[in-house]
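Listed below, chain by chain, are the residues.
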Amino acid sequence: MSIRRNAAVTVVALALSGAVMAPTATAAPAERAGSVGALACATKTLTTGYQKVGTTVNKSGSSSCNDLNLTWSNDAQSSYGDSYRGFYKASSGWKAGSRGYVWAGDGSHSPWKVLLSDVAAGTPMGVGSYYDGGDSVTVAH
């Protein structure tokens, strides 16, 4: 076995055993809403809109996170998941994030799914669902 393959096998084995640390959100939504993640990110549980912004949160100024990250999701209409997109408010109104819709199955996401990048402190943000609105999502920001 080559050194590169040995390293890959070791990483996979550690990940499967739970020895690799990664940001996760496994608590109930109410517990996640006020908790601080592994990267000292602020978190908030939101409700998605149907292909538009749903409930919103302002980008934290005290967080070390610069992005809007999807850490957990629950599709209200399906047990499979949905595609989610970040939205932010600019001076000209609500804008859709350039990353487009990102698929996420129901449950916790590790690694987190980045919906918006390099968001300025105080910027209003939200999440939209592609297939239906009313989904519950937890974001780290």
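Coordinates for the structure precede this section.
Residues numbered from 1 in each chain as written. Predicted model: local features only at pLDDT ≥ 70, side-chain atom pairs only at ≥ 80, totals over all residues. Heavy atoms only, no water.

The final tally for this structure, using the stated rule, is two aromatic pairs. Judged by centre distance (5.2 Å) and plane angle (70 degrees), the ring pair of Tyr-101 and Tyr-130 falls under edge-to-face. Linking Tyr-101 in the loop between strand E6 (93–96) and strand E7 (102–105) with Tyr-130 in the loop between strand E9 (124–129) and strand E10 (136–140), this pair joins segments that are 29 residues apart in sequence. For Tyr-101, a relative accessible area of 27% corresponds to the partly exposed category. With a relative accessible area of 36%, Tyr-130 lands in the partly exposed category. An angle of 85 degrees between the planes, with centres 4.8 Å apart, marks the rings of Tyr-130 and Tyr-131 as edge-to-face. The class for Tyr-131 is exposed, based on a relative accessible area of 52%. (Phe/Tyr/Trp six-rings, centres within 6.5 Å; stacked < 30°, edge-to-face > 60°. Helix = DSSP H or I, 4+ residues; strand = E, 2+ residues; numbered from the N terminus. Buried < 20%, exposed > 50% of the residue type's maximum accessible area, 1.4 Å probe, protein only.)

We now examine a nonpolar patch on the surface. Taken together, Tyr-80, Trp-103, Tyr-130 and Tyr-131 make up a surface patch of nonpolar side chains, about 530 Å² in accessible area. Relative to the helices and strands, Tyr-131 resides in the loop between E9 and E10. (Patch = residues over 30% accessible without salt bridge, like charges linked within 9 Å, V, L, I, M, F, W, Y side chains within 5 Å. Areas by Shrake-Rupley, 256 points an atom, 1.4 Å probe, with all protein chains shown as cover. Salt bridge = Lys/Arg side-chain N within 4 Å of Asp/Glu carboxyl O.)

Most of E9 is tucked away, with five of its six residues classed as buried. Of the pairings in the sheet, the one linking strand E2 (residues 49–50) to E9 comprises two bridges and is parallel in character. Of the residues in E9, the one forming a bridge with Gly-49 is Gly-128. Sheet analysis places strand E3 (residues 56–58) next to E9, joined by three bridges and oriented antiparallel. Looking across to E9, one finds that Asn-58 is bridged to Pro-124. Across five bridges, strand E5 (residues 81–90) lies against E9 in antiparallel orientation. Its bridge partner lying in E9, Arg-85 is registered against Gly-128. (Pairing = 2+ DSSP bridges.)

With that out of the way, let us pick up the state of the cysteines. Going through the model one piece at a time under the given rule, you end up with one disulfide. Through a disulfide, Cys-41 is tied to Cys-65; the S-S separation comes to 1.4 Å. A residue pair is termed long-range when its members are at least 10 positions apart, and Cys-41 in the loop between helix H2 (29–33) and strand E1 (43–47) and Cys-65 in the loop between E3 and strand E4 (68–74) qualify at 24 residues. On the accessibility criterion, Cys-41 (1% relative accessible area) is buried. With relative accessibility at 5%, the residue Cys-65 sits in the buried group. (Disulfide = S-S within 2.5 Å.)

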